[in-house]
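Chains, contacts and geometry: an overview
Next come the chains, spelled out residue by residue.
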Amino acid sequence: MAAPELLSDEGYRADGRRPAELRKVRARMGVFAQADGSAYIEQGNTKALAVVYGPHEMRGSRSKALPDRALVNCQYSMATFSTGERRRRPHGDRQAGELALHLKQTFEAAILTHLYPRSQIDIYVQILQADGGNYCACVNAATLAVMDAGIPMRDYVCACSAGLAEDTPLADRSPEEAAGGPRLVLALLPASGQIALLQLSARLHQERLEAALEAAGQACRALHAVLDRVVRDRLREVTALLGD
Amino acid sequence: MLTSRMFLKRTRAGAVVKVVREHYLRDDIPCGAAACRLCPPRPAGPGLGLQAQPSGAASSLCPGPHYLLPDTNLLLHQIDILEDPVIKNVIVLQTVLQEVRNRSAPVYKRIRDVIANPEKHFYSFTNEHHRETYIQQEQGETSNDRNDRAIRVAVKWYNEHLKEIEDEEKIQVIFLTNDRTNKEKALEEGITAYTCEEYIKSLIANPDLVDRLACVSDEGKEIESGKIIFPEHIPLSKLQQGIKSGIYLQGTYRASRDNYLEATVWVHGDAEENKEIIIQGLKHLNRAVHEDIVAVELLAKDEWVAPSSVVLQDEGQNEDDIANEEEKENILKTSVNKDMLRPTGKVVGIIKRNWRPFCGMLSKSQIKEARRHLFTPADRRIPRIRIETRQADTLEGQRIIVAIDGWPRNSRYPNGHFVKNLGTAGDKETETEVLLLEHDVPHQPFSQGVLSFLPKMPWSITEQDMKYREDLRNLCVCSVDPPGCTDIDDALHCRELENGNIEVGVHIADVSHFIRPGNALDEESAKRGTTVYLCEKRIDMVPELLSSNLCSLRSNVDRLAFSCIWEMNHKAEILKTRFTKSIINSKASLTYAEAQMRIDSATMNDDITTSLRRLNKLAKILKKKRIDNGALTLSSPEVRFHMDSETHDPIDLQTKELKETNSMVEEFMLLANVSVAQKIYDEFPEFALLRKHPAPPPSNYDILVKAAKSKNLEVKTDSAKALAESLDKAESPAFPYLNTLLRILTTRCMMQAVYFCSGMDNDFHHYGLASPIYTHFTSPIRRYADIIVHRLLAVAVGADSTYPELTDKHKLADMCKNLNYRHKMAQYAQRASVAFHTQLFFKSKGVVNEDAYILFVRKNAVVVLIPKYGLEGTVFFEEKGKPTPKLDYNNEVPSLTVEDTTLHVFDKVKVNIMLDASNIQHQKIRMVLVEPKILGSDVPANLPTEISSKNEPEKKKKKLQK
Ligand SMILES: [Zn+2]
């Protein structure tokens with residue numbers, strides 16, 4: 001059997017998308033009433049839930065409090081049922097810790113933390129179903145949850161991955177495509193074009209970086225449009241409720 | 001956006017894990033018909049799509065306009081038909097393409113080429129992602145059945161869809177399938193379906209096409225001639241299990257060139273034991289064809305055999321005469337020494353067929369009006385093929401191409417079909433075409449796409465070109481080459497420096513300046529890999545404008561070069577090395593003889609001559625150093641043909657004499673290659689393209705040691721140095737040619753030198769040159785490897801920028817594989833060309849008697865070398881229909897006793913040489929022993945001989961093949 005083709009001569013990917021197309025995105029805000037903010041997102045078969053508490057007073061040791069801005073606390077976990085193989089994932093595993101750290105960095109850059117000195121914002125994300133692009137789904141869910149909590153942000157944070165089929169960049173890689181070639185993950189503040197996080201796995205020739213980065217950027221902007229619609233829909237819903 | 005699109009999920013059950021994959025269905029995939037206004041416009045894709053008014057051959061079965069839609073098996077088997085220019089407007093479904101891709105890479109490549117051809121109007125329809133043509137596998141349905149159904153659904157959709165196009169004449173889609181059940185189902189569903197044969201036979205005015213139909217019999221048809229000859233092949237799934245559990249071994253099947261009843265299977269993997277398995281006898285060979293990937297089962301040890309030294313050719317006429325074969329098989333089973341027994345096995349199944357179209361000739365059936373004939377391939381490792389044709393009379397005496405379709409169990413020979421006629425056998429053009437095709441040498445003229453990347457003429461050097469270059473036009477550079485050389489890729493200079501040291505420069509044509517990575521020109525050169533030199537023809541790797549003009553370092557013109565410049569002391573020790581892109585202006589293009597004359601002349605003292613003398617002096621020191629290190633100097637006689645200027649027929653043969661200046665140029669090229677190899681390896685430890693020459697396994701030398709021993713000489717083979725020294729000492733005053741013979745024999749013991757990527761290997765050693773590291777830098781006009789090396793070096797010295805493929809070791813490794821293959825094939829093509837010209841030569845020369853030496857002794861033949869012509873041939877001692885003389889073969893010495901004459905290796909004999917044109921099918925050179933006279937044989941006895949000339953043609957610069 002020949003290895004599967006990433007991109008056919010006709011220009012379709014294995015799952016039927018064209019190179020620049022994203023997987024199907026569905027999102028909802030305010031899924032939990034008790035939390036200050038929450039959101040649920042589906043990107044393809046990847047499903048993620050984000051919950052935000054805060055800003056509130058420092059919990060635990062007060063010595064960690066920052067005099068000039070809020071502390072962003074992130075936790076990332078994967079549900080035991082999130083993969084085909086049922087496996088327990090302790091909270092403290094290395095990969096989860098790393099991802100949490102990335103999330104923290106991303107959101108410290110996006111939230112206007114200086115408005116809330118000496119306080120704390122908690123962001124909890126959980127992957128309910130993992131099917132590629134876990135980090136991206138977490139960022140996108142967390143963005144919506146932070147907005148749901150009414151915490152002011154500089155901009156949306158949108159994250160998306162990109163890969164390469166020979167010379168053609170592929171936006172939002174599906175797990176099938178993960179076997180081939182390098183992967184680039186980008187978290188972007190679309191309005192300003194600021195990069196919150198850029199991660200590259202495997203070697204990539206510098207000549208190709210630009211194309212891949214451009215594709216990931218395009219994908220982030222497309223995602224931004226989708227998320228923006230979700231936020232506006234939610235806003236309309238809430239104001240309608242209040243109006244009644 | 002995608003969110004608006006409905007999607008289904010397709011579940012693939014894995015071994016343990018359930019995998020869910022998204023499968024997006026679209027409504028924006030066009031049908032490809034030019035007249036359609038319902039579908040969105042066709043996005044950029046391969047080919048031009050289907051014509052509004054389908055042109056193509058008229059069919060009596062379906063007179064109206066129609067498109068064809070083949071199923072997978074039809075496409076796999078009848079690709080020759082689909083490739084015919086007559087067949088146009090074909091819809092290739094994604095389902096079909098995917099299946100083809102998984103089953104045969106070569107056919108997939110061919111159908112892809114057809115789809116991309118704008119004149120063919122083939123259209124690939126992505127039916128698996130079209131909302132209306134995607135279907136899900138039903139419970140209990142096999143994936144084959146599901147795919148067949150998907151194809152029928154697509155046909156139906158097309159027919160509905162095309163009806164909606166508002167045109168006067170409705171276009172119909174015709175489903176082509178050879179599968180009976182599939183056809184029945186299609187007809188039930190109201191689809192117009194034909195078998196390929198029905199459709200092709202219905203074509204008006206194209207009767208020839210019928211011959212090209214592959215004869216794939218339905219399962220039913222095979223029973224017809226009853227007798228089963230071969231054991232059944234075990235199905236693939238069982239083979240894979242067997243291979244995993246170790247019952248079977250997987251390997252590449254290599255048929256023997258000399259014996260059609262014997263083959264060797266090279267087992268894949270790293271197993272030390274049973275690496276090479278011998279297969280003997282028709283039933284054990286079990287329909288495997290040369291180069292197939294097969295599964296073998298080892299026989300019990302008491303059934304093991306030794307490789308036979310008998311030469312056997314399949315001469316059976318036409319019919320499935322099996323009794324005769326068994327008789328022949330018994331010849332193989334003569335008693336042999338226990339030590340000679342090798343692992344022996346039988347083929348139990350085929351993992352992958354590697355059939356390609358074969359060149360050869362028709363052996364017309366003796367039965368009048370017969371439609372079935374046997375085809376004899378030019379390559380003797382390929383079995384004869386039975387084909388059906390009505391044009392046997394026209395095809396007789398022609399070189400034709402035939403493809404194999406299948407090999408049923410009841411058939412002595414595989415079945416195939418006629419593909420193409422190349423021309424009359426014996427014609428120089430036809431034979432050249434044959435040998436190029438047989439050796440897979442890409443030799444079509446360069447396409448417009450490729451030529452478009454050539455620099456525009458008139459060409460001149462611009463400011464931009466000078467940016468990273470040194471101007472070396474003031475240096476006294478000259479080139480030394482064989483006479484008539486138009487592709488000069490190297491030049492030299494040498495001057496004394498003020499500090500008393502010597503500066504030596506090697507300047508190589510800067511081909512990588514003109515061939516930029518990734519464009520069509522680059523891809524074509526990479527595919528060709530090397531320029532191929534035949535006796536009177538050169539198949540260029542790069543277009544002539546580059547090879548003979550812009551890149552050729554001719555005298556008195558400015559040329560771009562890549563220079564390697566050393567500072568040396570008078571002991572030829574390198575003090576400094578530097579590399580730079582440069583611009584040079586050669587002061588003279590000399591031949592070896594002219595350069596030699598200048599060096600030897602007492603009167604000439606100009607700049608060029610003095611630098612040549614200096615270079616020559618240094619070269620001698622370098623050569624001595626190299627030989628002291630254990631480098632081998634081996635010889636094989638080089639032959640050149642003197643061609644008649646009008647008929648271009650060879651009129652004389654001459655062995656080439658080597659001048660001191662050949663060796664002078666060679667020394668500096670070797671030195672440059674070593675210096676560059678070191679530099680690119682230092683800079684790119686993972687991606688350097690290098691060349692290595694592995695040391696041969698000790699057993700390879702057996703033949704040499706035995707042969708030397710028979711002349712009371714000792715050849716030491718424990719190291720290259722010991723070998724070189726013992727070869728130097730192996731002189732016999734009474735037999736001056738002995739040393740050359742020993743060296744020729746030594747070359748036969750050697751391994752092939754190969755290109756490799758430094759990141760993928762640990763052993764870099766070049767045995768023949770006794771160098772720890774080596775590469776090819778000096779001939780970028782005619783070798784692609786050198787272009788890559790130039791690019792690496794250019795990046796290393798900051799003269800050019802890198803690109804992704806250059807630093808991808810897997811891509812480099814793949815490239816090395818192709819280059820090694822092309823070089824091997826080029827070498828074989830050269831030999832074949834020499835062999836053909838030798839035949840032409842003896843055709844005009846008539847019968848001659850010449851002195852010869854025995855090189856190898858076989859069970860029923862001896863291989864002799866005729867030094868005068870550098871010609872090698874086999875003298876047989878048995879022939880069909882004649883009493884076989886008493887033969888006694890002794891493997892230990894080795895020697896062969898014919899009646900009461902004993903022949904040893906290196907014996908000087910006299911042979912009678914003549915061209916045997918009695919069988920136009922295989923013209924051959926017959927050699928018969930004249931001296932010593934064999935009892936009971938008359939000279940000229942009609943003993944058949946095959947010629948296999950192992951010598952190199954007059955190809956440019958033999959030195960660089962190291
Ligand atoms: Zn249409």
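Residue numbers run consecutively from 1 along every chain, following the written order of its sequence. Note on labels: chains are lettered from A, ligands numbered from 1, in written order. Two thresholds apply to this predicted model, a pLDDT of at least 70 for residue-level local features and 80 or more for giving and counting side-chain atom pairs, whereas whole-chain, interface and lining totals are computed over all residues. The basis for the side-chain values is all heavy atoms of the structure; hydrogens and waters are excluded.

1. So, the packing of helix α12 (residues 428-438) of chain B against helix α24 (residues 809-845) of chain B
All names here are of chain B. Cut-off, in case you're wondering: To obtain an axis, a line is fitted to C-alpha atoms, over the contacting stretch when the element is a helix, and the angle between two such axes runs from 0 to 180 degrees between their N-to-C directions. Under the scheme used here, helices are H or I runs from DSSP no shorter than 4 residues and strands are E runs no shorter than 2 residues, and both carry numbers assigned from the N terminus. Under this scheme an angle from 65 to 115 degrees is roughly perpendicular, one under 35 degrees roughly parallel, and one over 145 degrees roughly antiparallel; angles in between are oblique. Crossing handedness is read from the near helix: turned anticlockwise from the far helix by less than a right angle, it gives a left-handed crossing, and turned clockwise, a right-handed one. Every residue pair with non-hydrogen atoms within 4.5 Å of one another is taken to be in contact.
Between α12 and α24, the shortest axis-to-axis distance is 9 Å and the interhelical angle comes to 155 degrees. It follows from the interaxial angle that α12 and α24 lie roughly antiparallel. Every pair of crossing elements has a handedness; the one defined by α12 and α24 is right-handed. Residue-level inspection shows Lys 428, Glu 431, Leu 435 and Glu 438 of α12 in contact with α24, the latter providing Met 825, Ala 829, Ala 832, Ser 833, Phe 836, His 837 and Leu 840.

2. Here we look at the sheet that holds strand β5 (residues 119-129) of chain A
Residues and elements named next belong to chain A. So the rule is basically this: Two strands are counted as paired when DSSP detects at least two bridges linking them.
Spatially, 5 strands are ordered β1-β2-β3-β5-β4 in an open sheet, and the strand pairing comes out mixed. In this open sheet, the two edge strands, each paired with only one partner strand, are β1 (25-29) and β4 (71-78). Neighbouring strand axes in the sheet, compared pairwise and without regard to direction, differ in orientation by 15 degrees on average. Relative to the sheet, helix α1 (residues 94-110) contacts β4 and β5, its axis offset from that of β4 by approximately 145 degrees.

3. Remarks on the packing of aromatic side chains
Residues and elements named next belong to chain B. The condition is simple: Only Phe, Tyr and Trp rings take part, Trp by its six-membered ring, and two of them pair if their centres are within 6.5 Å. Stacked means planes under 30 degrees apart, edge-to-face means over 60, and tilted covers everything else. Exposure categories follow from relative accessible area, calculated using a 1.4 Å probe and restricted to protein chains: below 20% of the type maximum is buried, above 50% is exposed, and the middle band is partly exposed.
For the coordinates displayed, the defined rule picks out 10 aromatic pairs over all chains. Summarising the aromatic geometry, the rings of Phe 230 and Trp 407 are spaced 5.7 Å apart at their centres and angled 80 degrees between planes, so their arrangement reads as edge-to-face. Taken together, the positions of Phe 230 in the loop between α7 (196-201) and α8 (236-245) and Trp 407 in the loop between β16 (398-406) and β17 (415-424) put the pair 177 residues apart, joining distant regions of the chain. As far as burial versus exposure is concerned, Phe 230 and Trp 407 are alike and both buried.

4. A look at the domain arrangement of chain B
Rule in force here: In this entry, domain limits derive from an automatic or database-based domain assignment.
Each assigned domain of chain B is listed with its residue range as follows: domain 1 (2-204), domain 2 (214-424), domain 3 (449-684 + 777-822) and domain 4 (846-961). Taking only C-alpha atoms, the centre of domain 1 of chain B and the centre of domain 3 of chain B are 52 Å apart.

5. Comments concerning the sheet that holds strand β12 (residues 344-352) of chain B
Residue and element names in this part refer to chain B. The strand order around the closed barrel built from 5 strands is β8-β9-β10-β12-β11, with neighbouring strands paired in mixed fashion. Put simply, the sheet's adjacent strands are angled 50 degrees from each other on average, direction ignored. In this structure, strand β8 (residues 249-255) lies alongside strand β9 (residues 262-267), joined through 5 bridges in antiparallel fashion. Its bridge partner lying in β9, Ala 255 is registered against Ala 263. α8 rests against β8, β11 (293-298) and β12 of the sheet, and its axis sits at about 125 degrees to β12.

6. Quick notes on the side chain of Arg399(B)
Spelled out, the test is: Any pair of N or O atoms that falls within 3.5 Å is considered a polar contact. Within protein, one atom must be able to donate a hydrogen and the other to accept it, and sequence-neighbouring residues count only if both atoms are side-chain atoms.
If you trace the backbone, Arg399(B) turns up in strand β16. At 3.0 Å, the side chain of Arg399(B) and the side chain of Glu431(B) are in polar contact.

7. Digging into helix α22 (residues 738-749) of chain B
Residue and element names in this part refer to chain B. Here is the rule: A helix's residues, less one, multiplied by 1.5 Å, set its expected span.
With 12 residues, α22 should reach 16 Å at 1.5 Å per residue; the first-to-last C-alpha distance of 17 Å fits that figure. For α22, every residue scored as buried is listed here: Leu 738, Asn 739, Leu 741, Leu 742, Arg 743, Ile 744, Leu 745, Thr 746 and Cys 749. Structurally, α22 contributes buried residues whose contacts are with α20 (702-710), α21 (720-729), β31 (848-857) and β32 (861-866).

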